[in-house]
Amino acid sequence: MPRAKNAVASRARRKKVLKQTKGNFGARKNVWTVAKNTYEKGLTYAFRDRRKKKSEFRALWIQRINAAVRLEGLSYSKFMGLVHKAEIDINRKVLADLAMNHADAFKAVVAKVKELAK
């Protein structure tokens, strides 16, 4: 009985990986073994960084809130403590957006927090 190698599926699998590594430099784009390693490593980076992106955005929001709150004479940690004590349920993403794009609304939130803190 003749040997079946299934060349069609094998070639399709290789073409798929080589298409994904198209923009890489040198052998990373056209040598099968190198391209396969590059492709797999890229997938692990993508998986890791989808999770890392969340912490990076949280850090950005905290920096923006801190900068805006310091103009009002508070620190970030004191402000967030007062927000929780005042039972204002606005998350950091929304607070950062208010601080950047709607300064008057953010000042109103800070005033409310200061008022309830007394």
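Residues numbered from 1 in each chain as written. Predicted model: local features only at pLDDT ≥ 70, side-chain atom pairs only at ≥ 80, totals over all residues. Heavy atoms only, no water.

Each helix and strand in the chain was counted, giving five helices and zero strands. Secondary structure elements in the chain, listed N-terminal to C-terminal, are α-α-α-α-α. Taking 13 Å as the expected radius of gyration for a compact globule of 118 residues, we find that the chain reaches 26 Å, considerably beyond that expectation. Looking at the chain residue by residue over its 118 residues, the buried ones come to 21%. Put simply, the chain shows about 9200 Å² of open surface, and 55% of that area lies on carbon and sulfur atoms. (Helix = DSSP H or I, 4+ residues; strand = E, 2+ residues; numbered from the N terminus. Rg over C-alpha atoms; globule rule 2.2 N^0.38 Å. Buried < 20%, exposed > 50% of the residue type's maximum accessible area, 1.4 Å probe, protein only. Areas by Shrake-Rupley, 256 points an atom, 1.4 Å probe, with all protein chains shown as cover.)

Locating T21 in the fold gives a position in the loop between helix 1 (7-20) and helix 2 (32-70). With relative accessibility at 2%, the residue T21 sits in the buried group. Those residues in contact with T21, other than ones at most four positions away along the chain, are R28, K29, A35, T38 and Y39. (Contact = heavy atoms within 4.5 Å.)

Right, let's talk about the packing of aromatic side chains for a bit. Within this structure, the stated rule accounts for two aromatic pairs. A centroid spacing of 6.1 Å and a plane angle of 40° characterise the contact between F57 and W61, whose relative ring orientation is tilted. Of this pair, F57 and W61 both sit in helix 2, four residues apart, which is roughly one turn of that helix. With 5.8 Å between their ring centres and 50° between their planes, F79 and F106 make a pair best called tilted. Taken as a pair, F79 in helix 3 (residues 76-85) and F106 in helix 5 (residues 103-117) lie far apart in primary sequence, 27 residues in all. (Phe/Tyr/Trp six-rings, centres within 6.5 Å; stacked < 30°, edge-to-face > 60°.)

With that settled, the discussion passes to the nonpolar core. One finds I65, F79, L95, F106 and V113 to be the most contacted residues of the largest nonpolar core, which totals 19 residues. Every element with two or more residues in this core is listed here: helix 2, helix 3, helix 4 (92-101) and helix 5. Take this core: its biggest share by element is five residues, from helix 3. Beyond its immediate sequence surroundings of up to four residues, F106 is in contact with I65, A68, V69, F79, L95, L98 and A99. (Core = buried A, V, L, I, M, F, W, Y, C linked by side-chain atoms within 4.5 Å.)

Taken as a whole, this structure holds two salt bridges when the rule is applied. K36 is the salt-bridge partner of E40, the closest N and O atoms lying 3.8 Å from each other. With E40 and K36 both in helix 2 and four residues apart, this pair spans about one turn of that helix. (Salt bridge = Lys/Arg side-chain N within 4 Å of Asp/Glu carboxyl O.)

Our next topic: unusual backbone geometry. Of note, N6 is a non-glycine position whose phi angle comes to about 55°, a positive value. Secondary-structure assignment places N6 in the segment before helix 1. Here E87, not a glycine, exhibits a phi torsion of approximately 60°, which is positive. Looking at the secondary structure, you find E87 in the loop between helix 3 and helix 4.

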